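Overview (structure and organization)
Spelled out from the first residue to the last, the chains are:
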Amino acid sequence: MTDETDPARADALREALAQVHDRIATACRDAGRDRGSVHLIVVTKYFPAADVCRLVDLGVTDIGENRDQEASAKVAELPEQIRRQLTVHFIGQLQSNKARHVPTYADVVHSVDRGKIAGALDRAAAEHDRRLDVLMQVDLSGAQGRGGVSVDAAPRLADAIAELPHLRLCGVMAVAPLGEDPAAPFERLARLARDIRAQHPEAEWMSAGMSGDLEAAIHAGATHLRVGSAILGSRPAAR
Ligand SMILES: *Cc1c(COP(=O)(O)O)cnc(C)c1O
(Lines give C-alpha, C1' and ligand atoms only; values in the text may rest on other atoms or scores of the structure.)
Protein backbone atom coordinates (compact mmCIF):
# COMPACT_ATOMS: atom_id res chain seq x y z
CA MET A 1 0.00 0.00 0.00
CA THR A 2 2.86 2.41 -0.69
CA ASP A 3 1.39 4.58 -3.44
CA GLU A 4 -2.33 4.57 -2.80
CA THR A 5 -2.38 8.23 -3.77
CA ASP A 6 -0.76 7.78 -7.21
CA PRO A 7 -3.39 9.66 -9.23
CA ALA A 8 -1.94 8.73 -12.64
CA ARG A 9 -2.33 5.01 -11.90
CA ALA A 10 -5.89 5.53 -10.68
CA ASP A 11 -6.72 7.45 -13.89
CA ALA A 12 -5.18 4.76 -16.10
CA LEU A 13 -7.19 2.05 -14.36
CA ARG A 14 -10.40 4.11 -14.58
CA GLU A 15 -9.89 4.64 -18.31
CA ALA A 16 -9.04 0.99 -19.08
CA LEU A 17 -11.91 -0.29 -16.95
CA ALA A 18 -14.35 2.01 -18.78
CA GLN A 19 -13.10 0.69 -22.13
CA VAL A 20 -13.63 -2.90 -21.05
CA HIS A 21 -17.13 -2.07 -19.79
CA ASP A 22 -17.84 -0.52 -23.22
CA ARG A 23 -16.63 -3.68 -24.97
CA ILE A 24 -18.86 -5.81 -22.72
CA ALA A 25 -21.90 -3.59 -23.31
CA THR A 26 -21.35 -3.65 -27.10
CA ALA A 27 -20.90 -7.43 -27.17
CA CYS A 28 -24.05 -7.91 -25.08
CA ARG A 29 -25.99 -5.70 -27.48
CA ASP A 30 -24.65 -7.59 -30.51
CA ALA A 31 -25.48 -10.94 -28.90
CA GLY A 32 -28.94 -9.81 -27.77
CA ARG A 33 -28.04 -10.42 -24.15
CA ASP A 34 -28.92 -8.52 -21.01
CA ARG A 35 -25.83 -6.64 -19.71
CA GLY A 36 -26.77 -7.79 -16.21
CA SER A 37 -26.19 -11.42 -17.18
CA VAL A 38 -22.42 -10.91 -17.61
CA HIS A 39 -20.13 -10.41 -14.60
CA LEU A 40 -16.61 -9.01 -14.72
CA ILE A 41 -13.80 -10.56 -12.66
CA VAL A 42 -10.68 -8.39 -12.84
CA VAL A 43 -7.55 -10.58 -12.84
CA THR A 44 -4.99 -8.82 -10.62
CA LYS A 45 -2.19 -11.41 -10.71
CA TYR A 46 1.30 -9.82 -10.69
CA PHE A 47 -0.18 -6.47 -9.61
CA PRO A 48 -0.06 -5.12 -6.07
CA ALA A 49 -2.74 -4.86 -3.39
CA ALA A 50 -2.72 -1.09 -3.96
CA ASP A 51 -4.18 -1.72 -7.44
CA VAL A 52 -6.87 -3.92 -5.92
CA CYS A 53 -7.81 -1.02 -3.60
CA ARG A 54 -7.93 1.39 -6.56
CA LEU A 55 -10.15 -1.03 -8.49
CA VAL A 56 -12.54 -1.40 -5.56
CA ASP A 57 -12.75 2.42 -5.41
CA LEU A 58 -13.75 2.27 -9.09
CA GLY A 59 -16.57 -0.14 -8.35
CA VAL A 60 -14.91 -3.50 -8.98
CA THR A 61 -16.44 -6.26 -6.83
CA ASP A 62 -14.59 -9.36 -8.04
CA ILE A 63 -10.88 -10.11 -8.47
CA GLY A 64 -9.11 -13.19 -9.82
CA GLU A 65 -5.71 -14.58 -8.79
CA ASN A 66 -3.84 -17.61 -10.12
CA ARG A 67 -0.94 -18.27 -7.72
CA ASP A 68 -1.54 -19.42 -4.17
CA GLN A 69 1.34 -17.64 -2.40
CA GLU A 70 0.91 -14.35 -4.20
CA ALA A 71 -2.86 -14.38 -3.78
CA SER A 72 -2.73 -15.24 -0.11
CA ALA A 73 -0.23 -12.46 0.69
CA LYS A 74 -2.14 -9.90 -1.38
CA VAL A 75 -5.51 -10.63 0.18
CA ALA A 76 -3.94 -10.48 3.66
CA GLU A 77 -2.63 -6.99 2.81
CA LEU A 78 -6.10 -5.61 1.97
CA PRO A 79 -7.76 -3.39 4.56
CA GLU A 80 -10.69 -5.16 6.16
CA GLN A 81 -13.30 -2.82 4.69
CA ILE A 82 -11.93 -3.43 1.16
CA ARG A 83 -11.82 -7.21 1.66
CA ARG A 84 -15.41 -7.21 2.83
CA GLN A 85 -16.62 -5.62 -0.45
CA LEU A 86 -14.73 -8.10 -2.57
CA THR A 87 -15.26 -11.61 -3.91
CA VAL A 88 -11.89 -13.34 -4.44
CA HIS A 89 -11.73 -15.93 -7.24
CA PHE A 90 -8.88 -18.45 -7.48
CA ILE A 91 -8.35 -19.25 -11.18
CA GLY A 92 -4.94 -20.99 -11.24
CA GLN A 93 -3.90 -24.62 -11.44
CA LEU A 94 -3.99 -26.50 -8.16
CA GLN A 95 -2.11 -29.34 -6.54
CA SER A 96 -3.86 -31.02 -3.64
CA ASN A 97 -1.42 -29.58 -1.05
CA LYS A 98 -2.18 -26.04 -2.30
CA ALA A 99 -5.88 -26.83 -2.45
CA ARG A 100 -5.93 -27.08 1.33
CA HIS A 101 -4.72 -23.50 1.66
CA VAL A 102 -6.84 -21.74 -0.97
CA PRO A 103 -10.13 -21.75 1.01
CA THR A 104 -8.42 -19.69 3.74
CA TYR A 105 -8.58 -16.57 1.52
CA ALA A 106 -10.63 -17.32 -1.63
CA ASP A 107 -14.41 -17.26 -2.00
CA VAL A 108 -14.64 -19.13 -5.30
CA VAL A 109 -12.32 -21.68 -6.96
CA HIS A 110 -12.59 -21.93 -10.78
CA SER A 111 -9.98 -24.61 -11.38
CA VAL A 112 -11.28 -27.93 -10.03
CA ASP A 113 -10.26 -30.50 -12.64
CA ARG A 114 -10.05 -33.79 -10.74
CA GLY A 115 -11.65 -35.60 -7.85
CA LYS A 116 -8.56 -35.40 -5.69
CA ILE A 117 -8.58 -31.58 -5.80
CA ALA A 118 -12.31 -31.52 -5.08
CA GLY A 119 -11.78 -33.78 -2.07
CA ALA A 120 -8.96 -31.60 -0.70
CA LEU A 121 -11.05 -28.42 -1.11
CA ASP A 122 -14.03 -30.08 0.55
CA ARG A 123 -11.95 -31.11 3.58
CA ALA A 124 -10.40 -27.65 3.85
CA ALA A 125 -13.81 -25.97 3.62
CA ALA A 126 -15.07 -28.33 6.33
CA GLU A 127 -12.16 -27.36 8.60
CA HIS A 128 -13.09 -23.71 8.19
CA ASP A 129 -16.74 -24.55 8.72
CA ARG A 130 -17.89 -23.07 5.43
CA ARG A 131 -19.20 -23.94 2.01
CA LEU A 132 -16.97 -23.14 -0.96
CA ASP A 133 -18.24 -22.18 -4.43
CA VAL A 134 -16.39 -24.11 -7.13
CA LEU A 135 -16.29 -24.39 -10.90
CA MET A 136 -15.04 -27.28 -12.94
CA GLN A 137 -12.19 -26.34 -15.28
CA VAL A 138 -12.65 -27.93 -18.70
CA ASP A 139 -9.89 -28.59 -21.23
CA LEU A 140 -11.04 -27.33 -24.65
CA SER A 141 -7.77 -28.02 -26.48
CA GLY A 142 -7.78 -31.79 -26.30
CA ALA A 143 -4.02 -31.44 -25.76
CA GLN A 144 -3.88 -31.47 -21.94
CA GLY A 145 -1.39 -28.98 -20.58
CA ARG A 146 -3.05 -25.91 -19.18
CA GLY A 147 -5.20 -28.10 -16.93
CA GLY A 148 -8.82 -29.07 -17.12
CA VAL A 149 -10.99 -32.17 -17.23
CA SER A 150 -11.87 -33.46 -20.70
CA VAL A 151 -15.34 -32.67 -22.04
CA ASP A 152 -16.14 -36.39 -21.95
CA ALA A 153 -15.12 -36.88 -18.31
CA ALA A 154 -16.70 -33.63 -17.08
CA PRO A 155 -20.22 -34.94 -16.29
CA ARG A 156 -18.78 -37.63 -13.99
CA LEU A 157 -16.60 -35.10 -12.18
CA ALA A 158 -19.62 -32.81 -11.80
CA ASP A 159 -21.53 -35.65 -10.12
CA ALA A 160 -18.60 -36.30 -7.78
CA ILE A 161 -18.31 -32.61 -6.80
CA ALA A 162 -22.05 -32.38 -6.18
CA GLU A 163 -21.74 -35.22 -3.65
CA LEU A 164 -19.30 -33.28 -1.48
CA PRO A 165 -21.09 -31.53 1.39
CA HIS A 166 -18.84 -28.46 1.66
CA LEU A 167 -18.64 -27.62 -2.04
CA ARG A 168 -21.27 -25.95 -4.19
CA LEU A 169 -20.90 -26.63 -7.93
CA CYS A 170 -21.48 -23.27 -9.64
CA GLY A 171 -20.64 -24.24 -13.21
CA VAL A 172 -17.79 -24.59 -15.71
CA MET A 173 -14.66 -22.63 -16.56
CA ALA A 174 -12.27 -22.76 -19.52
CA VAL A 175 -9.46 -20.98 -21.32
CA ALA A 176 -9.70 -20.92 -25.13
CA PRO A 177 -7.00 -22.96 -26.90
CA LEU A 178 -4.06 -20.84 -28.08
CA GLY A 179 -3.88 -19.83 -31.73
CA GLU A 180 -7.38 -20.94 -32.67
CA ASP A 181 -10.63 -19.07 -33.34
CA PRO A 182 -12.31 -19.25 -29.90
CA ALA A 183 -15.88 -19.37 -31.27
CA ALA A 184 -16.10 -23.15 -31.74
CA PRO A 185 -14.37 -24.09 -28.45
CA PHE A 186 -16.58 -21.65 -26.52
CA GLU A 187 -19.66 -23.20 -28.19
CA ARG A 188 -18.44 -26.63 -27.03
CA LEU A 189 -18.12 -25.26 -23.52
CA ALA A 190 -21.61 -23.74 -23.70
CA ARG A 191 -23.11 -27.08 -24.78
CA LEU A 192 -21.34 -28.84 -21.92
CA ALA A 193 -22.53 -26.14 -19.49
CA ARG A 194 -26.12 -26.82 -20.57
CA ASP A 195 -25.68 -30.59 -20.13
CA ILE A 196 -24.20 -30.13 -16.65
CA ARG A 197 -26.97 -27.70 -15.70
CA ALA A 198 -29.61 -30.23 -16.72
CA GLN A 199 -28.26 -32.53 -13.98
CA HIS A 200 -27.16 -29.84 -11.51
CA PRO A 201 -29.47 -26.82 -11.82
CA GLU A 202 -27.35 -24.69 -9.46
CA ALA A 203 -24.40 -24.90 -11.89
CA GLU A 204 -25.36 -21.69 -13.69
CA TRP A 205 -21.98 -20.12 -14.40
CA MET A 206 -19.91 -20.27 -17.54
CA SER A 207 -16.54 -18.65 -16.73
CA ALA A 208 -14.88 -17.83 -20.07
CA GLY A 209 -13.47 -14.83 -21.91
CA MET A 210 -10.24 -12.93 -21.26
CA SER A 211 -8.79 -9.65 -22.58
CA GLY A 212 -8.45 -10.97 -26.13
CA ASP A 213 -11.62 -13.01 -26.54
CA LEU A 214 -14.31 -11.62 -24.24
CA GLU A 215 -16.63 -10.81 -27.18
CA ALA A 216 -16.56 -14.41 -28.44
CA ALA A 217 -17.23 -15.64 -24.91
CA ILE A 218 -20.21 -13.33 -24.48
CA HIS A 219 -21.61 -14.52 -27.81
CA ALA A 220 -21.33 -18.13 -26.64
CA GLY A 221 -23.10 -17.40 -23.34
CA ALA A 222 -20.35 -16.68 -20.78
CA THR A 223 -21.67 -15.41 -17.45
CA HIS A 224 -18.28 -14.56 -15.87
CA LEU A 225 -15.37 -12.93 -17.73
CA ARG A 226 -11.82 -13.03 -16.36
CA VAL A 227 -10.04 -9.93 -17.67
CA GLY A 228 -6.50 -8.94 -16.67
CA SER A 229 -4.15 -7.16 -19.05
CA ALA A 230 -6.82 -5.07 -20.82
CA ILE A 231 -7.41 -3.34 -17.47
CA LEU A 232 -4.13 -3.53 -15.54
CA GLY A 233 -1.69 -3.39 -18.45
CA SER A 234 0.73 -6.01 -19.66
CA ARG A 235 2.26 -8.21 -17.00
CA PRO A 236 5.96 -8.05 -16.16
CA ALA A 237 7.52 -10.72 -18.43
CA ALA A 238 10.16 -12.22 -16.15
CA ARG A 239 8.04 -13.87 -13.46
C1 LIG B 1 -4.26 -14.51 -16.51
C2 LIG B 1 -5.55 -15.21 -16.68
C3 LIG B 1 -6.66 -14.53 -17.21
C4 LIG B 1 -6.61 -13.09 -17.69
O5 LIG B 1 -5.92 -13.01 -18.90
P6 LIG B 1 -5.76 -11.63 -19.71
O7 LIG B 1 -5.41 -12.07 -21.08
O8 LIG B 1 -4.69 -10.87 -19.02
O9 LIG B 1 -7.06 -10.93 -19.65
C10 LIG B 1 -7.85 -15.24 -17.30
N11 LIG B 1 -7.95 -16.53 -16.91
C12 LIG B 1 -6.91 -17.21 -16.41
C13 LIG B 1 -7.09 -18.62 -16.00
C14 LIG B 1 -5.68 -16.57 -16.27
O15 LIG B 1 -4.64 -17.25 -15.76
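Above this text you will find the structure in question.
Reading guide: rules and limits
Residues numbered from 1 in each chain as written. Predicted model: local features only at pLDDT ≥ 70, side-chain atom pairs only at ≥ 80, totals over all residues. Heavy atoms only, no water. Helix = DSSP H or I, 4+ residues; strand = E, 2+ residues; numbered from the N terminus. Rg over C-alpha atoms; globule rule 2.2 N^0.38 Å. Buried < 20%, exposed > 50% of the residue type's maximum accessible area, 1.4 Å probe, protein only. Contact = heavy atoms within 4.5 Å. Areas by Shrake-Rupley, 256 points an atom, 1.4 Å probe, with all protein chains shown as cover. Lys, Arg positive; Asp, Glu negative; His and termini not counted. Charge placed at Lys NZ, Arg CZ, Asp CG, Glu CD. Near = heavy atom within 4 Å. Polar contact = N/O pair within 3.5 Å; in protein donor to acceptor, adjacent residues only side chain to side chain. Pairing = 2+ DSSP bridges. Right-handed = clockwise from strand over helix to strand, strands pointing away. Salt bridge = Lys/Arg side-chain N within 4 Å of Asp/Glu carboxyl O.

**A short note on the overall build of the protein chain**
A count of helices and strands for the protein chain gives ten helices and eight strands. For 239 residues, the compact-globule formula gives about 18 Å, and the C-alpha radius of gyration of the protein chain, at 17 Å, lands near that figure. Split into buried and exposed, the 239 residues of the protein chain put 51% on the buried side. Put simply, of all contacts in the protein chain between residues at least 6 apart along the chain, 64% involve residues at least 24 apart. Entry remark: accessible area of the protein chain is about 11,100 Å², with carbon and sulfur atoms responsible for 47%. Taking the 29 positively charged and 34 negatively charged side chains of the protein chain as two groups, their mean positions are separated by 3 Å.

**Concerning the site of the ligand**
Residues in close proximity to the ligand include Val43, Lys45, Asn66, Ile91, Met173, Met210, Ser211, Arg226, Val227, Gly228, Ser229 and Arg235, which together make up its full environment. For the ligand, a nitrogen atom lies 2.9 Å from a polar atom in the side chain of Arg226. Within the contact set of the ligand, an oxygen atom lies 2.8 Å away from a backbone nitrogen or oxygen of Ser229. Contact with the protein chains removes 88% of the 390 Å² of surface that the ligand exposes when unbound.

**Quick word on the pairing of strand S2 (residues 62–65)**
Walk down a regular strand and you will see the side chains alternate between the two sheet faces. Covered by surrounding structure in S2 are Asp62 and Gly64 together with Ile63 and Glu65, the residues of both alternating faces. Here two bridges tie strand S1 (residues 39–43) to S2, and the two strands are oriented parallel to one another. Looking across to S2, one finds that Val43 is bridged to Gly64. The parallel pair S1 and S2 is bridged by helix H2 (residues 49–57), and the resulting crossover is right-handed. As judged from the four bridges shared by S2 and strand S3 (residues 87–90), these two strands associate in the parallel manner. Bridged to Glu65 within S3 is Phe90.

**Observations regarding the pattern of salt bridges**
Tallying each qualifying case throughout the model produces eleven salt bridges. Note that Arg9 and Asp51 form a salt bridge whose closest N and O atoms lie 2.7 Å from each other. Of this pair, Arg9 sits in helix H1 (residues 7–31) while Asp51 is found in helix H2, placing the two residues 42 residues apart along the sequence. For the pair shown, Arg9 and Asp51 are each scored as buried. For Asp51, the salt bridge is made with Arg54, and the minimal N-O distance between the two is 2.7 Å. A residue pair is termed a helical-turn pair when its members lie 3 or 4 positions apart in one helix, as Asp51 and Arg54 do in helix H2 at three residues.

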